[in-house]
Amino acid sequence: MVEVKTSKCCCGKCKNEFLVDWDLEITNVTEHGMGERIEYMSDIEYECPNCGNVISGTLYVSEYPVGALEIAEVQRVYDSKNTNESNIEKPVIAFFDL
């Protein structure tokens, strides 16, 4: 199982900060020397509660070997006001067994 904490989003238009939630989905599983590599992705879109600027972003996560975080990065952050200044922090990610 993967646990993804909320992360902070900063609006490029009004500089308001608010929290966003991610919902990871498995996009690829491949076999490698130390076992499986599991790749996840999540797309989000949130409206700034202060000014209405719509901010979207994509989170990419790779788990390899199973149980170890290999890569986690937020990419493709856009906003409806085209400020090029909105950003979304990378969330804390944890892997655990049930």
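Keep in mind the model is a prediction, meaning the values are calculated, not measured.

Student: Summarise the overall build of the protein chain; cite the residues concerned and give the values.
Tutor: The helix and strand inventory of the protein chain stands at zero helices and nine strands. Listing the helices and strands of the protein chain from first to last along the sequence gives β-β-β-β-β-β-β-β-β. Within the protein chain, the fraction of its 98 residues that count as buried is 33%. Of the contacts formed within the protein chain by residues at least 6 apart in sequence, a portion of 50% connects residues at least 24 apart. Seen as two clouds, the 8 positive and the 18 negative side-chain charges of the protein chain have centres 10 Å apart.

Student: With reference to specific residues and values, describe the environment of L19.
Tutor: Inspection of the secondary structure puts L19 in strand β3 (residues 17–20). With 48 residues separating them in the primary sequence, L19 and G67 have C-alpha atoms 26 Å apart. Apart from the residues within four sequence positions on either side, L19 is in contact with T6, S7 and K8.

Student: Provide a residue-level description of the pairing of strand β7 (residues 69–79), including the pertinent values.
Tutor: Pairing of strand β6 (residues 54–63) with β7 involves eight bridges; the strand directions are antiparallel. Note on β7: the bridge partner recorded for V61 is A72.

Student: Give a detailed account of the side chain of S7, specifying residues and quantitative values.
Tutor: In this fold, S7 is placed in strand β2 (residues 7–10). Side chain to side chain, S7 and W22 meet in a polar contact 2.8 Å long. At 3.1 Å, the side chain of S7 forms a polar contact with the backbone oxygen of E89. Non-local contacts of S7, meaning those with residues more than four positions away in its chain, are made with F18, L19, V20, W22, I88, E89, K90 and P91.

Student: Can you tell me about the side chain of S86, naming the residues and giving the values?
Tutor: Looking at where S86 falls in the secondary structure, it is placed in the loop between β7 and β8 (87–88). Classification of S86 as buried rests on a relative accessible area of 10%. Among the polar contacts made by the side chain of S86, one reaches the main-chain amide nitrogen of G12 at a distance of 2.7 Å. Among the polar contacts made by the side chain of S86, one reaches the side chain of D79 at a distance of 2.6 Å.

What counts as what
Residues numbered from 1 in each chain as written. Predicted model: local features only at pLDDT ≥ 70, side-chain atom pairs only at ≥ 80, totals over all residues. Heavy atoms only, no water. Helix = DSSP H or I, 4+ residues; strand = E, 2+ residues; numbered from the N terminus. Buried < 20%, exposed > 50% of the residue type's maximum accessible area, 1.4 Å probe, protein only. Contact = heavy atoms within 4.5 Å. Lys, Arg positive; Asp, Glu negative; His and termini not counted. Charge placed at Lys NZ, Arg CZ, Asp CG, Glu CD. Pairing = 2+ DSSP bridges. Polar contact = N/O pair within 3.5 Å; in protein donor to acceptor, adjacent residues only side chain to side chain.

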